[in-house]
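Topology and contacts: notes
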Amino acid sequence: MEIGTGKSYAKIILIGEHAVVYGEPAIALPVKSIGLSARVAPLPDGRQEVTSAFFNGDLNAGQLTNFAGIAMLIRRLLVFFDATDQGFHLTITSALPSERGMGSSAATAVAVVRAFYDAFQTALTRTALLNWADISEKALHGNPSGLDAATASAEKPQWFVRGKSLRSIMMPRNGVLLIADTGIAGQTKIAVDLVARKLKQEPKVYRPLITDIGTAVRQAALALAQDDIITLGQLLNRDQTDLAALGVSSPELDRLINVALDHGAYGAKLTGSGMGGCMIALAAEDQAATIIQALKAANAVKVWEYHFETK
Ligand code: MEV
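Residues numbered from 1 in each chain as written. Predicted model: local features only at pLDDT ≥ 70, side-chain atom pairs only at ≥ 80, totals over all residues. Heavy atoms only, no water.

Going by what an unreviewed UniProt entry lists, the protein chain is known as Mevalonate kinase and is assigned to Lacticaseibacillus chiayiensis. Per UniProt, the protein chain has the following entry under Pathway (unreviewed entry): "Isoprenoid biosynthesis; isopentenyl diphosphate biosynthesis via mevalonate pathway; isopentenyl diphosphate from (R)-mevalonate: step 1/3." (UniProt positions renumbered as here; feature names shortened; annotations may be inferred.)

Let's talk about the side chain of threonine 108
Looking at the secondary structure, you find threonine 108 in helix H2 (residues 104-119). Its relative accessible area of 2% is what places threonine 108 among the buried residues. Discounting residues that sit within four places of it in the chain, threonine 108 has contacts with Ser8, Leu36, Phe54, Ile70 and Ile92. (Helix = DSSP H or I, 4+ residues; strand = E, 2+ residues; numbered from the N terminus. Buried < 20%, exposed > 50% of the residue type's maximum accessible area, 1.4 Å probe, protein only. Contact = heavy atoms within 4.5 Å.)

Brief notes about the packing of helix H8 (residues 251-262) against helix H9 (residues 288-297)
Remark: H8 packs on H9, axes separated minimally by 9 Å, with the N-to-C direction vectors making an angle of 150°. Compared by their axis directions, H8 and H9 come out roughly antiparallel. Both H8 and H9 take part in a crossing whose hand is right-handed. Across from Leu256, Val259 and Ala260 in H8, the residues of H9 making contact are Ile291, Ala294 and Leu295. For the contact of H8 with H9, the per-class residue count stands at 6 nonpolar, no polar and no charged. (Axes fitted to C-alpha atoms, helices over the stretch in contact; angles between N-to-C directions. Parallel < 35°, antiparallel > 145°, perpendicular 65-115°, else oblique. Left-handed = near helix turned anticlockwise from the far one by under 90°. Nonpolar A, V, L, I, M, F, W, Y, C, P; charged D, E, K, R; others polar.)

Here we look at the sheet that holds strand S11 (residues 302-307)
Strand order across the open sheet formed by 4 strands is S9-S10-S8-S11, with antiparallel pairing between neighbours. Since the sheet does not close on itself, it has two edges, and those belong to strand S9 (267-271) and S11, each with one partner. Within the sheet, the average angular offset between the axes of one strand and its neighbour, ignoring direction, is 20°. With respect to the sheet, helix H7 (residues 229-246) is in contact with S9 and strand S10 (278-283), its orientation differing from that of S9 by roughly 45°. Helix-sheet contacts for H8 involve strand S8 (176-181), S9 and S10, and the interaxial angle to S9 is about 160°. (Pairing = 2+ DSSP bridges.)

Section: the UniProt feature "domain: GHMP kinase C-terminal" (unreviewed entry) in the protein chain
As annotated in UniProt, the feature "domain: GHMP kinase C-terminal" (unreviewed entry) corresponds to residues 223-298 in the numbering used here. Taken end to end, residues 223-298 is 57% helix and 14% strand, and its first and last C-alpha atoms sit 30 Å apart.

Here's the deal with the pattern of salt bridges
Note that side chains of opposite charge can pair when their charged atoms are close. Across all of its chains, the model carries 12 salt bridges by this definition. A salt bridge links aspartate 45 to arginine 47; its shortest N-O distance comes to 2.8 Å. The partly exposed category is assigned to arginine 47, whose relative accessible area is 38%. Arginine 100 is the partner of aspartate 181 in a salt bridge, and the nearest nitrogen-oxygen pair spans 2.9 Å. (Salt bridge = Lys/Arg side-chain N within 4 Å of Asp/Glu carboxyl O.)

Some remarks on the domain arrangement of the protein chain
Entries for the protein chain in the domain assignment read domain 1 (4-168) and domain 2 (176-307). Each of domain 1 and domain 2 was reduced to a C-alpha centroid, and the two centroids are 25 Å apart. Facing the 28 residues of domain 1 at the interface are 42 residues of domain 2. In terms of surface lost to domain 2, no three residues of domain 1 exceed His18, Tyr22 and Arg100, which account for 25% of the buried area on that side. Of the charged contacts, one joins glutamate 24 and arginine 218 as a salt bridge, the two residues approaching to 3.1 Å between their closest N and O atoms. Going through the elements one at a time, strand S1 (4-15), strand S2 (26-43) and helix H3 (126-141) are the ones with two or more residues in the side of domain 1 that touches domain 2. For the side of domain 1 that touches domain 2, the residue count by class is 18 nonpolar, 5 polar and 5 charged. (Domains from an automatic or database assignment. Buried area = accessible area lost by both parts, 1.4 Å probe.)

Remarks on H3
For H3, which comprises 16 residues, the first-to-last C-alpha distance of 21 Å matches the rise-based estimate of 22 Å (1.5 Å per residue) to within 8%. Along its length, H3 reaches its greatest deviation from straightness, about 30°, at isoleucine 135. Residues of H3 that are buried include every one of Leu129, Leu130, Trp132, Ala133, Ile135, Ser136, Glu137 and His141, and no others. Buried residues in H3 make contact with helix H1 (68-80), H2, helix H4 (147-152), strand S7 (165-168) and helix H5 (188-201). Backbone geometry just downstream of H3 places glycine 142 in the positive-phi region, at approximately 85°. (Expected span 1.5 Å × (residues − 1). Bend = angle between axes of the 7 residues up to and from the residue.)

Some words on H5
Taking 1.5 Å as the rise per residue, H5 with 14 residues should run 20 Å; its terminal C-alpha atoms sit 20 Å apart, in good agreement. Along H5, the residues that are buried comprise Ala191, Val192, Leu194, Val195 and Leu199. Buried residues of H5, viewed axially, fall in a sector of 155°; they line one side. Exposed and facing more than 90 degrees away from the buried side of H5 are Lys200 and Gln201. Contacts made by the buried residues of H5 are with helix H6 (203-225) and H7. (Arc of directions from axis to C-beta.)

Structural data, given as structure tokens:
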């Protein structure tokens, strides 16, 4: 084993969360300004240690809690590399807030897998990377679509259909996305399980919402291709209406969404699994400062500005 490093990014789902679990398409963006990196270095004495925001200490002795999925992933990587007795120190440095819908668990998995493959000097395909990330995502979320890891490992915005399609998609030439954190933790497993329960109990009520989200995502792809951010904004609003009807919005998300719309955003919605976490607003560049100020005044704990990359 050598020293190995790996990186990944925060992800923002532009449109299509939740429905993507059931085979509808989604569009998501890697946020390169909010990154995560992993560095693994061999230790001579067999200790397997981690330094991170989620867990610190000996992987085989500590209370792992929400690091258990990543620990399982690491153990399987060590079996794969025939190195179960290998000592190492893994350091994870992250600018991503956790449990805010920005994909921190998937980003951690992606960077960790990349770091171990680098340490064992082995080439890693995208498919293998996403299969590895699925191990910890399944442990944490139960039924992940794979969208989070696909986006956390991408360099460009992604069009994603579970198990079928993953490709880059062009963003509009103008407009800006504002990302605001409600400061409330939202757990993906709870939200995904809630939607699953509702679909099972009342399919006639909830299935059409999933289908409508899929339709809105396809129309959003067309709006993107036509550089039509006004239509895109309307589709984000329609998506938010569907997500709220599925029960995954929250009063804090609704409040920030309404503030953004009241201050001129073209559209606004929750992003990620919801029930807390972050919202996004699509706005004209010259409207951004006003909306940011209003979101902060409405108690957003943090607001990020995301400028579309058009190449
Ligand atoms: C979570 O970031 C996105 C969800 O659609 C779940 C998933 O795709 O696995 C809610």
